[in-house]
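# Overview (structure and organization)
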Amino acid sequence: MASGFWGIGPGPLLALLAAGLVAGALLGGAAAWWLTGRARRARRSGADRLRRGFATYGRPLQIVGADGALLESNLAAEESFGIGVALPADIERRAGDEEMRERVGRLAEKAVHGVGGREEVVIADRNGERRWIQLEAHSLGGGSGEVLWLTEDVTDRRQIEQTISEERDRMLDLFENAPVGVYSVDAAGRFDYVNATLADWLGRSRAELLGGLTLRDVLAAAPETLPPHLPFDGDPRRGETDFLDAAGEAFRVSIVQEILEEGPSRLHTRSVVRHLAQERAAEEALLQGEKRFRRFLDEAPIGVAQIDPAGVVSEFNKTFAAMVAGQERLEGRRLADLLTAADREALVAAIAEAAAGRTPEPIEIRLGPSRETVCQLTLRGVAGEGAGGGEGAGGGEGAGGGAMIVHLQDLTEQKALEAQFAQSQKMQAVGQLAGGIAHDFNNLLTAMIGFSDLLLLRHRPGDQSFADIMQIKQNANRAANLVRQLLAFSRQQTLQPKTLNVTDVLAELAHLLRRLIGEAIEFKVVHGRGLGSIRADQGQLEQVIINLVVNARDAMAATGGELTIRTANLELKAERRIGGETMPAGRYVVIEVSDTGCGIPKEILGRIFDPFFSTKEVGEGTGLGLATVYGIVKQTGGFVGVDSTVGKGTVFSIHLPEHQAAAGAVAAETSESRDLSGIGKVLLVEDEDAVRAFSARVLRTKGYDVMEARSGEAALELLRGGSGASEIDLLITDVVMPKVDGPALVKVVREHQPRLKVIFISGYAEDSFRRRIGEESGIYFLPKPFSLKQLATKVKEVMGERAA
């Protein structure tokens, strides 16, 4: 660069210096001829200093020709922009947008024409970051168009200025929109300043307030003796007054101010205004919100309380108070003192865990006078909440933490439902097994009982074989009763409900019951007055009573005692909990069976209705007695309750819905036909050969013309091949058969004979097929096992309705 500065042919800067020397020579006249050698050396020394200053100047410097070509460049320029790169062109290329490029272009054009200047532009540096550059251009004159360019990086300064500007704007915005009003007035009360908040309260623009309005113009009332710059009497620094808004509405304000005096008549105020009406409205809203929150909290279905690390209750809602034994005042009491010993240990452990900053698992506790209420207790620490003292609930470590929130949720109903569901699932599983077993057993028992009846027709009392046949039949009936119990507790037996008077049922059963309990036990029946009717299967109801009486007898076998059956009407106005279930409101007939026996321990009270559960010795009970009671009562639509005290006795209560029967209905349902003979053509379809053979023989002996088929397919072939469906008076069919079952067979046959009467016979419950056939008329059911008389009676009944 140095050689270029003074090479052959003087450079621009040398030309500039030479021009100055020439001008000096002209001005000095002939004195220039007398310059000494020393002067010439001094001139060369000054030029060297200028050269060195240009080269080492800390800011980038360049001299650019009129055509934009780089003529000279210092070290700073080469380091910042590169060797051989002209500043104007490079900066214009790296400018951030079109406006910046236009700035550079205008600056260069003016400098070429002799007018210098400066601009600030944004460019991207070599790393792609935005930088602010101050660019200066100075013409070197002489008409050469040469320009001296200087640059300075002002990014840091601009960032500081921008930060200051943003902070100033934020502070101004905060000041203008503060939740308080701010104003300043002079000695005459004229507004010098009003912030946006106060202007908004007054309903006026700032221009209006600063345009000549005074403090008195916005005061609701001001004594004439009051100085114009003061809004109230008394202490000039603070007080309350009323402002007027633009609509003429007054509002109460509180003002705190400072008065600055700059001379006898020169002063101004710094005044801060609080809108008391808004603040009081906010306070009232907060108070109402607190009241609403307290009301919501008190009416919440879960208990909520605050305790300290010692377990002492400080705050609680009404639900919490009611759940912990109905206490009205709990402040200062330890929650652990209200719990059982086992629950107390769990609570102490949970408090210690919460005090250590962990979240304890919910625990189950029992509350209430009798500890029947099962609750889930959830404990959570409250961050930043201190709590008072009180001795530790258990002296555990970590009791120095903050307050804790306790939530109590009543799980009693949920637990009862869970137990009920589990019982239902268990009964359903056993019931499915029992149903399958009962179907097969009922087929076998039907044949055994039926053929026994046929044998008894030929062997009268006194015959040598009569007693043997009766033994077979009686044991078959005992087996049938056992099967009925299997179906009863699983609620799958077929009921034959009718309108019953419980008093009449007990009167008929009383003699049998006295024989069952023996002479060592006193037996009483207390009949309720005006007892309502019920609708139930009489045989099943008798089974329920017998099972309960036998249980009571066994409970008093060693000591004797008193057994009482009591009946009564009950009208429930609201639902009631009984036996873990909810009994809806309504009218019920209640049958109570009470004894003074040994009672039932609480630990097994919840299992007494489980199938095959028994406390008797092996071989003394099946474990189906109470399960049967429960199943029959539930299938009848009733409820079973039990109350027992060890050493005092037990009371079982049966609640059956009252049935409003028509007059004479009870008597009508008990009438039976005695003549069992009849006429007509019957198609008998049964896949069990023994059952089919017995049934066909019985019907033939009663005068019926019987056609037999061992399957549904065989029955259809029989009807298509010969006599035709229209000649059949009655169809008797099993329900469950391979391929074409009973309901499918009936559907096909009724396409040709829609009014044909049908009797279904099955070891399954009637409900198992009723859903498939709907509400069709002329459909009857005879459950297996059935006797000769029962089969003949059912056929006579159905054929009699046909004739009618």
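Sequence order sets the numbering: in each chain, residues are counted from 1 along the sequence as written. Side-chain atom pairs in this predicted model are given and counted only at pLDDT of 80 or more, local residue features only at pLDDT of at least 70, and totals for whole chains, interfaces and linings cover all residues. Calculation of side-chain values draws on the structure's entire complement of heavy atoms; hydrogens and water are dropped beforehand.

## Points about the overall build of the protein chain
Convention followed: Strands here are runs of E lasting at least two residues and helices are runs of H or I lasting at least four, both read from the DSSP assignment and numbered beginning at the N terminus. Three labels apply to residues, based on accessible area from a 1.4 Å probe with only protein chains included: buried if under 20% of the type maximum, exposed if over 50%, partly exposed otherwise in between. Contacts were defined at the residue level, with two residues in contact if any of their heavy atoms lie within 4.5 Å. Surface accessibility in these figures is a Shrake-Rupley result with a 1.4 Å probe; residues are shielded only by whichever protein chains are displayed.
A tally of helices and strands in the protein chain yields 24 helices and 29 strands. For the protein chain, the residues scored as buried account for 41% of the 804 residues in total. In the protein chain, the share of contacts with a sequence separation of at least 24, taken over all contacts with a separation of at least 6, comes to 58%. As displayed, the protein chain offers around 43,300 Å² of accessible surface, 52% of which is attributable to carbon and sulfur atoms.

## Here we look at the nonpolar core
Here is the rule: By nonpolar core we mean a set of buried residues, namely Ala, Val, Leu, Ile, Met, Phe, Trp, Tyr and Cys, connected to one another through side-chain atoms within 4.5 Å.
Core analysis: the largest hydrophobic core is formed by 39 residues, its most contacted members being L563, I565 and I654. Within the residue set of this core, elements represented by two or more residues are α15 (502-517), β17 (521-526), β18 (533-536), α16 (538-555), β19 (561-572), β22 (586-595), α18 (625-636) and β24 (649-657). Setting aside residues up to four positions removed in sequence, L563 forms contacts with I517, I521, E522, F523, K524, V549, A552, R553, M556, V593 and S594. By size, the runner-up hydrophobic cluster in this structure holds 27 residues, among which are V313, L330, A336 and A355.

## A closer look at the pattern of salt bridges
Where we set the bar: Between Lys or Arg on one side and Asp or Glu on the other, a salt bridge is scored when a side-chain nitrogen of the former is within 4 Å of a carboxyl oxygen of the latter.
Summed over all chains, the structure comprises 39 salt bridges. Of the charged contacts in the structure, one is a salt bridge between E98 and R101, with a shortest N-O distance of 3.2 Å. Of this pair, E98 and R101 both sit in helix α6 (residues 98-112), separated by three residues, roughly a single helical turn. Across the salt bridge formed by R334 and D337, the nearest N and O atoms sit 3.1 Å from each other.

## Comments concerning the sheet that holds strand β2 (residues 70-73)
Cut-off, in case you're wondering: Two strands make a pair as long as DSSP finds a minimum of two bridges between them. Axis lines are fitted to C-alpha atoms, over the contacting stretch for helices. Their N-to-C directions set the angle, which ranges from 0 to 180 degrees.
The five strands lie next to each other as β2-β1-β5-β4-β3, forming an open sheet whose pairing is antiparallel. The sheet is open, and its two edges are formed by β2 and β3 (117-124), each paired on a single side. Shown here is a sheet whose adjacent strand axes are inclined to one another by a mean of 25 degrees, direction ignored. For strand β4 (residues 130-139) and strand β5 (residues 147-153), the ladder comprises seven bridges, and the chain directions are antiparallel.

## Quick look at the pairing of strand β26 (residues 705-709)
In plain terms, the rule: Place the viewer so that the strands point away; then a crossover is right-handed whenever the path from the first strand over the helix to the second strand goes clockwise.
Taken together, the five bridges between strand β25 (residues 681-685) and β26 define a ladder with parallel strand orientation. Residue pairing across strands places L683 opposite M707, the latter belonging to β26. Traced from β25 through helix α20 (residues 689-701) to β26, the parallel crossover comes out right-handed.

## Considering unusual backbone geometry
For the bond from K784 to P785, the omega torsion is -5 degrees, close enough to zero to count as cis. Tracing the sequence through the fold places P785 in the loop between β29 (779-783) and α24 (788-803). Located in the positive-phi region is K739, a residue other than glycine, with phi close to 60 degrees. Relative to the helices and strands, K739 resides in the loop between β27 (730-734) and α22 (742-752).

## Section: the packing of α16 against α18
Describing two packed helices takes the angle between their axes plus the distance from one axis to the other. Rules: Definitions for this section: a left-handed crossing has its near helix turned counterclockwise from the far helix by less than a right angle. A right-handed crossing has that turn clockwise. When residue character is reported, Ala, Val, Leu, Ile, Met, Phe, Trp, Tyr, Cys and Pro are called nonpolar, Asp, Glu, Lys and Arg charged, and the others, Gly included, polar.
Contact geometry of α16 with α18 gives a least axis separation of 9 Å together with a crossing angle of 145 degrees. Relative to α18, the crossing made by α16 is left-handed. Note on element contacts: α18 touches α16 through G625, L626, T628, V629, I632 and V633, opposite Q540, Q543, V544, N547, L548 and N551. Class assignment of the residues belonging to the contact of α16 with α18 gives a composition of six nonpolar, six polar and no charged.

## Looking at the pairing of strand β7 (residues 191-194)
Both strand β6 (residues 181-185) and β7 contribute to a ladder of three bridges, which runs antiparallel. Paired with Y183 across the strands is V194, a residue of β7. Between β6 and β7, which pair antiparallel one after the other, the connecting turn spans five residues, and G189 there sits at a positive phi close to 85 degrees.

## Re the environment of F175
You can see F175 is positioned in helix α7 (residues 155-176). The class of F175 is partly exposed, set by a relative accessible area of 39%. Linking F175 and A196, residues 21 residues apart in sequence, is a C-alpha distance of 8.6 Å.

## Observations regarding a nonpolar patch on the surface
Rules: Patches draw on residues past 30% relative accessible area with no salt bridge. Two like charges within 9 Å are joined, as are two nonpolar side chains (Val, Leu, Ile, Met, Phe, Trp, Tyr) within 5 Å.
On the surface, L433, I437 and F441 cluster together into a nonpolar patch covering about 280 Å² of accessible area. Tracing the backbone through its elements, the reader meets F441 in helix α13 (residues 412-458).

## What about the side chain of T197?
With respect to the helices and strands, T197 occurs in helix α8 (residues 196-202). Not counting chain neighbours up to four residues away, the residues in contact with T197 comprise E176, N177, A178, P179, V180 and G181.

## Quick look at α20
The criterion, for reference: In this analysis, the expected span of each helix is defined as 1.5 Å times one less than the number of residues it contains.
The terminal C-alpha atoms of α20 lie 18 Å apart, and with 13 residues this matches the ideal 18 Å at 1.5 Å per residue to within 8%. Considered for burial, the residues of α20 that qualify are V691, R692, F694, S695, A696, V698 and L699. A positive phi of about 100 degrees marks G703, the residue just after α20.

## Examining the sheet that holds strand β12 (residues 313-316)
Taking strand neighbours across the sheet as the criterion, the five strands line up as β12-β11-β15-β14-β13 in an open arrangement whose pairing is antiparallel. A single partner strand is all that each edge strand has here, and the edge strands are β12 and β13 (363-367). Across the sheet, the mean angle from the axis of one strand to that of its neighbour is 30 degrees, orientation sign disregarded. The pairing of strand β11 (residues 303-307) with β12 spans three bridges and is antiparallel. Of the residues in β12, the one forming a bridge with Q306 is E315. Against the sheet, helix α12 (residues 341-355) engages β11, β13, β14 (373-381) and β15 (404-410), with an angle of about 135 degrees to β13.

## Some thoughts on α15
Spelled out, the test is: The angle between axes fitted to the seven residues ending at a residue and the seven residues starting there is what we call the bend at that residue. Here a polar contact means two N or O atoms within 3.5 Å. Within protein one must be a hydrogen donor candidate and the other an acceptor candidate, and residues neighboring in sequence count only if both atoms are side-chain atoms.
At A510, α15 shows its largest kink, close to 45 degrees. Of all the positions in α15, only V502, V505, L506, L509, A510, L513 and I517 are classed as buried. Buried residues belonging to α15 abut β16 (498-501), β17, β18, α16, β19 and β22. With a side-chain oxygen lying 2.9 Å from the backbone nitrogen of T503, the N-terminal cap of α15 falls on N501. Trailing α15 by a residue or two, G518 shows a phi angle of about 85 degrees, which is positive.

## Re the packing of aromatic side chains
Within a pair of aromatic rings, the relevant descriptors are the distance that separates the centres and the angle that separates the planes. As a reminder of what qualifies: Pairing of aromatic rings covers Phe, Tyr and the six-membered ring of Trp, with a centre-to-centre limit of 6.5 Å; geometry is then stacked below 30 degrees between planes, edge-to-face above 60, and tilted otherwise.
For the coordinates displayed, the defined rule picks out four aromatic pairs. Both rings, one in Y183 and one in F191, keep their centres 5.8 Å apart while their planes meet at 75 degrees; by these two values the pair is edge-to-face. Under the relative-accessibility criterion, F191 is labelled buried at 6%. Residues F243 and F251 carry aromatic rings whose centres are separated by 6.2 Å and whose planes lie at 90 degrees to one another, so their mutual orientation is edge-to-face.

## Things to note about the confidence of the model for the protein chain
For the record, the criterion: Known as pLDDT, the predictor's confidence for each residue is given on a scale from 0 to 100.
Looking at the protein chain, the pLDDT average stands at 80 and 83% of residues meet or exceed 70. Considering only residues more than four positions removed or in separate chains, one finds that residues 1-35, a stretch of pLDDT under 50, has 25 contacts. In this model residues 386-400 is a low-confidence stretch, pLDDT under 50, and it forms 26 contacts with partners more than four residues away in sequence or in other chains.

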